[in-house]
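Take a look at the letters that make up each chain.
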Amino acid sequence: MDRPDLSAPCAGAPPPAAPGLLPAPPRGGPWRAFWHLLQPVLAVLLLLALVGGALTSVGLWLLRSPDGTAWLLARLPGLDIKGAEGA
C-alpha cells in the first residue's frame, strides 16, 4: 500500500516562501496598527464618560429635588434630619 507524499503542497495552498525572506508587512502599515490599538482605549474612555455622565445626572437630581435630597440625607451615617425644608 502506497503512502501519500505529505511533503507536496496541497492544491489550494500558497507556495512556500523562499528561505531567508521576511513575509510581506500587513496592509495599512503602522497607522492601521495604531488605530487597532487605539480602539479599545477609545471604547474605555467612552464607557467612562457615559458612567460619569450618568452619575453626574443622578447627583444633580438628588441635590435639586426635595425627594432626592431627603433620600440622600437619610443615607448619610450619623446625620439625623427631621422635617427638612430649604430653598
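What you see is a predicted model, and the numbers here were worked out from it, not measured in a lab.

This next bit is on the overall build of the protein. Regarding its fold elements, the protein presents two helices and zero strands. Per-residue burial for the protein yields a buried fraction of 3% across its 87 residues. On the protein, roughly 8500 Å² of surface is accessible, and the fraction owed to carbon and sulfur atoms is 70%.

We now examine a nonpolar patch on the surface. A contiguous nonpolar surface patch, about 580 Å² in accessible area, is contributed by Trp35, Val41, Leu42, Val44, Leu45 and Leu48. Within the element layout of this structure, Leu42 appears in helix H1 (residues 29-64). Judged by its relative accessible area of 39%, Leu42 is partly exposed.

In contact at an axis separation of 5 Å, H1 and helix H2 (residues 66-74) are set at 100° when each is read in the N-to-C sense. With respect to H2, the axis of H1 lies roughly perpendicular. Contact residues: H1 offers Trp61, Leu62, Leu63 and Arg64, while H2 offers Pro66, Gly68, Thr69, Trp71 and Leu72. Grouping the amino acids of the contact of H1 with H2 by side-chain chemistry returns six nonpolar, two polar and one charged.

Reading the values: rules and limits
All residue numbers refer to position in the chain's written sequence, counted from 1. Only residues with pLDDT of 70 or above have their local features reported here, since the model is predicted, and side-chain atom pairs are shown and tallied only from 80 upward, although totals for entire chains, interfaces and linings are computed over all residues. The side-chain values count all of the structure's non-hydrogen atoms but skip hydrogen atoms and water molecules. A run of H or I in DSSP becomes a helix once it reaches four residues, and a run of E becomes a strand once it reaches two; helices and strands are each numbered from the N terminus. Here's how the labels work: a residue is buried when its accessible area is under 20% of the maximum for its type, exposed when over 50%, partly exposed in between, all with a 1.4 Å probe on protein chains only. Computed with a 1.4 Å probe, the accessible areas rest on the Shrake-Rupley method; for each residue, only the protein chains presented here act as cover. Nonpolar side chains (Val, Leu, Ile, Met, Phe, Trp, Tyr) are joined into patches within 5 Å and like charges within 9 Å, using only residues with over 30% relative accessible area and no salt bridge. Whenever a carboxyl oxygen of Asp or Glu lies within 4 Å of a side-chain nitrogen of Lys or Arg, that contact is scored as a salt bridge. Only the contacting stretch of a helix is used when fitting its axis, a line to C-alpha atoms as for every element, and angles between N-to-C directions run 0 to 180 degrees. Angle categories are assigned with fixed cut-offs, so that under 35 degrees is roughly parallel, over 145 is roughly antiparallel, 65 to 115 is roughly perpendicular, and the rest are oblique. Note on contacts: a residue pair qualifies if any of its non-hydrogen atoms lie within 4.5 Å across the two residues. Polar here means any residue outside two lists: the nonpolar Ala, Val, Leu, Ile, Met, Phe, Trp, Tyr, Cys and Pro, and the charged Asp, Glu, Lys and Arg; Gly therefore counts as polar.

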